[in-house]
Amino acid sequence: MAETARSPLAIYQAHLDKGELAYQWSPAAGRAVFYPRVVCPYSGNTELEWRISKGLGTVYATTVTHPVQGTPYNIVLVDCDEGFRLMSRVEEIDPMAVKIGMRVRFRVHPAEGEQPAYPVFVPAEGA
Amino acid sequence: MSGPDNRGLRRGGAAIVGAAESDLGHVAEGMNVIDLMAQGITRALADCGLALKDVDGLICATTQSRTSGLNLSEYLGISPAFIDTTIIGGSSFMFHVGHALAAIQLGLCNVAVIAYGSTQRSVGRRQASVREINPYETPYRPFLPSSAYALAASRHMFEFGTTREQMAAVAVAARQWALKNPVAWEKKPLSIDEVLGARMVSYPFTVRDICLVTDGGGAIVLTAPDRAKSLKKPPVYVLGHGQAITHANISSMPDLTVTGALASGKAAYAMAGLAAKDIDVVELYDAFTINTILFLEDLGFCPKGEGGRFVEGGRIAPGGSLPVNTNGGGLSYCHPGMYGLFLLIEAVRQLRGECGERQVKGAETAIAHGNGGVLSSQSTVILGTEATL
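Residues numbered from 1 in each chain as written. Chains lettered and ligands numbered in written order. Predicted model: local features only at pLDDT ≥ 70, side-chain atom pairs only at ≥ 80, totals over all residues.

**Here's the deal with the overall build of chain A**
Okay, step 1: For chain A, the helix and strand inventory stands at one helix and eight strands.
Okay, step 2: Start at the N end of chain A and walk to the C end: the helices and strands fall as α-β-β-β-β-β-β-β-β.
Okay, step 3: Relative to its 127 residues, chain A shows a buried fraction of 33%.
Okay, step 4: Counted over contacts in chain A with a minimum sequence separation of 6, partners at least 24 positions apart contribute 48%. (Helix = DSSP H or I, 4+ residues; strand = E, 2+ residues; numbered from the N terminus. Buried ≥ 20, exposed ≤ 12 C-beta atoms within 10 Å, placed from the backbone. Contact = placed C-beta atoms within 7 Å.)

Have a look at this one:
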C-alpha cells in the first residue's frame, strides 16, 4: 500500500481554509464517514472519496456549558443532510434558544492564534 | 436455562471473596495511587483471610500511573503469573471481572485481585486525567465529560419528555442512601429544589446532577468456587458478565438514548439465566443523573423512555420498591474518576448482609453495571449468593 502523503486531518483542514466543510464518502459502505480517517469503519475498505457538504443540517442534541468564569456557550451535535454527524456550535442566537430539530447552515469560524479554522453553524429557518 | 456465555465463561466459575475500599475522600498528603491500591488490596485480602503470597493474578487500572501493573507488582513484591491493566474508563473493573473469570477458569491464576486508586481531589482533575486533544471536538470547548452526558440528556428529554425534576430525583435518592453510609462524602440531606437551583454546569445539569470529585481506591479478590468456600466470608459468585463498546467520543455515539448496556445486560442476563425482575439490588454507574435513568431502561427495569417517570416518587430511594445505588453512588458517596470498582464492592457487601442501616433485606442477587468514557464502554456483572447457584 502506498504511503499516506497527506493526513486526513490536513486535507480536511485545507478544505476548511477554503471555506468548505469536507467529509468522506465510502463507496463500499454506501454512506458518509466523519471524522475523516484512513479506513471506512463500516466496511474496512480504505478507498474513501472526499466530498464537500452543502452545509445544511439539523440539530440532533444540544447543551449550554457554563464556565466558572465567562459567558455560557452552546455545544451541539449536528446531523448534516449528507448523513454524517459532527460536534459544533450554533452562533448568532441565544445559546439556550438552540433547539433539537432546528435547521442550521455551516460557516467557517476563522483561525485564531494556535486554533485553526473550524466549522460552526447559524440558524437556517426554512432551509 | 443458563451456562457458559458465548465466550465460554462459566456461570459461577469464580467468586468474589474479599472486598475493601482504600482511604476515601481527601487522602493524606503524599499518598499516591499505588499506595491506595496497595491499601485496598491489603484490606481486601484481610477481609477473606488470604495473604499477598497467595496472589498470582494482578489486575488494575488508574489514570495516574502509565505502567501501574509494573509499579504495583514492585511495590507489593510479587511477580504475578497473570496481569491485566485494561483501561477503558470507569467500567474497566467490570471488564476486569470477565478477564479474571476467564483466567481462573483456565488456570492462568488461582487468586486474582482487581485494584484501583485515584488522588484526583488532592492533585486536581486536570492532573489526574490529562485531557486529550480531539481536533473535531476541542474547538467547541466541551467541558468533558459533563457536556457529553448533557447532550445525551437533551436527547432523552426531547424524545421521551424526561424532565430536570425527574433527573433531580435520582440525585435525591442517591443522597438519601448516602446518609445511611458512614463513609459517604456527603452528609446533609438534599431536595429536588436544591438540585435544580444549584450552580449550572452544562444544561440541563447543575453541579448536583454530577458526580463528586474525590480521592479513593480499593480492591476485590476473586478465586475459584472450591477455594472460595474455605475462606472467611460467604463467597459471592459471578453469575453473569457482559460487555459492549459503542464509541469513544460523544459525536460518534450511534443513538444518544440507547447505550451499550442494552447489549452488555442481555449477555449478562443470558449467562446468569436471570432477568431484571430477579435482581434484588441494583448498583448503576451514576456519573450523572441521566445515567441511572438510561441504565434502568437499558437493563430492563423499565421500558425505554420510561426511566424519568420510573424514578419519581422515591421508587429507587430507601424504602422504595427497587433499591438502586445503596452506597449513595458516585453522586453522593465517592467518585474518584473511575468509579466502577465501588459498585462491585457495594454489591458484594449487600449480598453478604454487611450493610447495616442501608442493608437490603434478604438480598440474594445483585447487578453491578459499569460505564466508561462518555457512555462509551459498558459492562454488566451479575452476582449471587450460594443459594443462587
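Anyway, onward from the coordinates.
**Things to note about the overall build of chain B**
Okay, step 1: When helices and strands are counted, chain B shows 14 helices and 11 strands.
Okay, step 2: Here the C-alpha radius of gyration of chain B, 19 Å, is about what a compact globule of 389 residues would show, namely 21 Å.
Okay, step 3: C-alpha atoms of chain B, sized along the principal axes, occupy 50 × 45 × 40 Å.
Okay, step 4: Out of the 389 residues belonging to chain B, those deemed buried represent 60%. (Rg over C-alpha atoms; globule rule 2.2 N^0.38 Å.)

**Describing the nonpolar core**
All names here are of chain B.
Okay, step 1: Core analysis: the biggest nonpolar cluster contains 157 residues, and Ile220, Val221 and Leu383 have the highest contact counts within it.
Okay, step 2: In terms of residue count, the dominant contributor to this core is helix α7 (residues 164-178) (10 residues).
Okay, step 3: When residues no more than four places from it in sequence are discounted, the contact partners of Val221 are Ile16, Val17, Gly18, Ala44, Leu45, Cys48, Leu50, Val111 and Val113. (Core = buried A, V, L, I, M, F, W, Y, C linked by C-beta atoms within 7 Å.)

**Looking at the interface of chain B and chain A**
Okay, step 1: Listed per partner, the contact involves 20 residues of chain B and 19 residues of chain A.
Okay, step 2: Those elements that provide at least two residues to the side of chain B that touches chain A are α6 (146-160) and β5 (200-202) of chain B.
Okay, step 3: Per-element accounting of the side of chain B that touches chain A gives the leading share, six residues, to α6(B).
Okay, step 4: Considering only residue class, the side of chain B that touches chain A consists of 13 nonpolar, four polar and three charged. (Nonpolar A, V, L, I, M, F, W, Y, C, P; charged D, E, K, R; others polar.)

**Topic: the sheet that holds strand β1 (residues 15-21) of chain B**
Residues and elements named next belong to chain B.
Okay, step 1: Strands sit in the order β3-β2-β4-β7-β1-β8-β11-β10-β9 across an open sheet of nine strands; the sheet is mixed. The open sheet terminates on both sides in strands that have one partner only, identified here as β3 (82-84) and β9 (281-284). Sheet twist, expressed as the average angle between the axes of neighbouring strands with direction ignored, equals 20°.
Okay, step 2: As judged from the four bridges shared by β9 and strand β10 (residues 365-372), these two strands associate in the parallel manner. The partner of Glu283 across the bridge, within β10, is Ala368.
Okay, step 3: With respect to the sheet, helix α1 (residues 33-48) is in contact with β1, β2 (57-61), β4 (111-118) and β7 (216-223), its orientation differing from that of β7 by roughly 40°. (Pairing = 2+ DSSP bridges. Axes fitted to C-alpha atoms, helices over the stretch in contact; angles between N-to-C directions.)

**Regarding the environment of Val381(B)**
Residues and elements named next belong to chain B.
Okay, step 1: Within the fold, Val381 resides in strand β11 (residues 377-384).
Okay, step 2: A tally of 32 C-beta atoms within 10 Å means that Val381 is categorised as buried.
Okay, step 3: Each C-alpha atom, one on Val381 and one on Phe95, is 8.8 Å from the other, the two residues being 286 residues apart in sequence.

**As for the pairing of β11(B)**
All names here are of chain B.
Okay, step 1: Along β11, eight of the eight residues are buried, which leaves the element largely enclosed by surrounding structure.
Okay, step 2: With eight bridges connecting them, β10 and β11 associate as antiparallel partners. Paired with His369 across the strands is Thr380, a residue of β11.
Okay, step 3: Between the antiparallel neighbours β10 and β11 lie four residues, among them Gly373 with a positive phi of about 65°.

**Structural notes on the sheet that holds strand β3 (residues 49-52) of chain A**
Residue and element names in this part refer to chain A.
Okay, step 1: A sheet is described by the order of its strands in space; here three strands give the open sequence β2-β1-β3, paired in antiparallel fashion. In the strand order of this sheet, the two ends are held by β2 (31-33) and β3, each with one partner. Strand-to-strand, the axes of this sheet are offset by a mean angle of 45°, without reference to chain direction.
Okay, step 2: Pairing between strand β1 (residues 22-26) and β2: three bridges, direction antiparallel.

**Points about the pairing of β1(B)**
Residue and element names in this part refer to chain B.
Okay, step 1: Of all seven residues making up β1, seven are buried, and the element is well covered by its neighbours.
Okay, step 2: When β1 meets strand β8 (residues 236-245), the two strands line up antiparallel, connected through two bridges. Bridging across to β8, Ala15 finds its partner in Tyr237.
Okay, step 3: As judged from the six bridges shared by β1 and β7, these two strands associate in the antiparallel manner. Within β7, the residue paired with Ile16 across the bridge is Leu222.

**Observations regarding unusual backbone geometry**
Okay, step 1: Note that the residue after Leu144(B), namely Pro145(B), is joined by a cis bond; omega there is 5°.
Okay, step 2: Phi angles above zero are rare outside glycine, and Glu92(A) is one such case at about 60°.
Okay, step 3: With respect to the helices and strands, Glu92(A) occurs in the loop between β6 (85-88) and β7 (103-109).
Okay, step 4: Of note, Leu375(B) is a non-glycine position whose phi angle comes to about 65°, a positive value.
Okay, step 5: As for its placement among the helices and strands, Leu375(B) is situated in the loop between β10 and β11.

**Brief notes about helix α11 (residues 289-298) of chain B**
All names here are of chain B.
Okay, step 1: Within α11, 10 of the 10 residues are buried, which leaves the element mostly enclosed by the surrounding structure.
Okay, step 2: Buried residues of α11: Thr289, Ile290, Asn291, Thr292, Ile293, Leu294, Phe295, Leu296, Glu297 and Asp298, and no others.
Okay, step 3: Residues of α11 that are buried in the fold lie against α6, α7, α10 (261-272), β9, α12 (307-310) and β10.
Okay, step 4: One or two residues past the end of α11 sits Gly300, with phi positive at roughly 85°.

**Here we look at the environment of Gly161(B)**
Residue and element names in this part refer to chain B.
Okay, step 1: Mapped onto the secondary structure, Gly161 falls in the loop between α6 and α7.
Okay, step 2: Judged by C-beta crowding, with 11 C-beta atoms within 10 Å, Gly161 ranks as exposed.
Okay, step 3: Along the primary structure Gly161 and Arg309 are separated by 148 residues, whereas in three dimensions their C-alpha atoms are 9.4 Å apart.

**What about the packing of helix α3 (residues 92-106) of chain B against helix α14 (residues 340-352) of chain B?**
Residues and elements named next belong to chain B.
Okay, step 1: Two elements in contact, α3 and α14, have axes whose closest approach is 6 Å; the angle formed by their N-to-C orientations is 65°. Taken together, the residues of α14 that come into contact with α3 (itself represented by Ser92, Phe93, Met94 and Val97) are Gly340, Leu341 and Leu344.
Okay, step 2: Across the contact of α3 with α14, the residue classes break down as five nonpolar, two polar and no charged.

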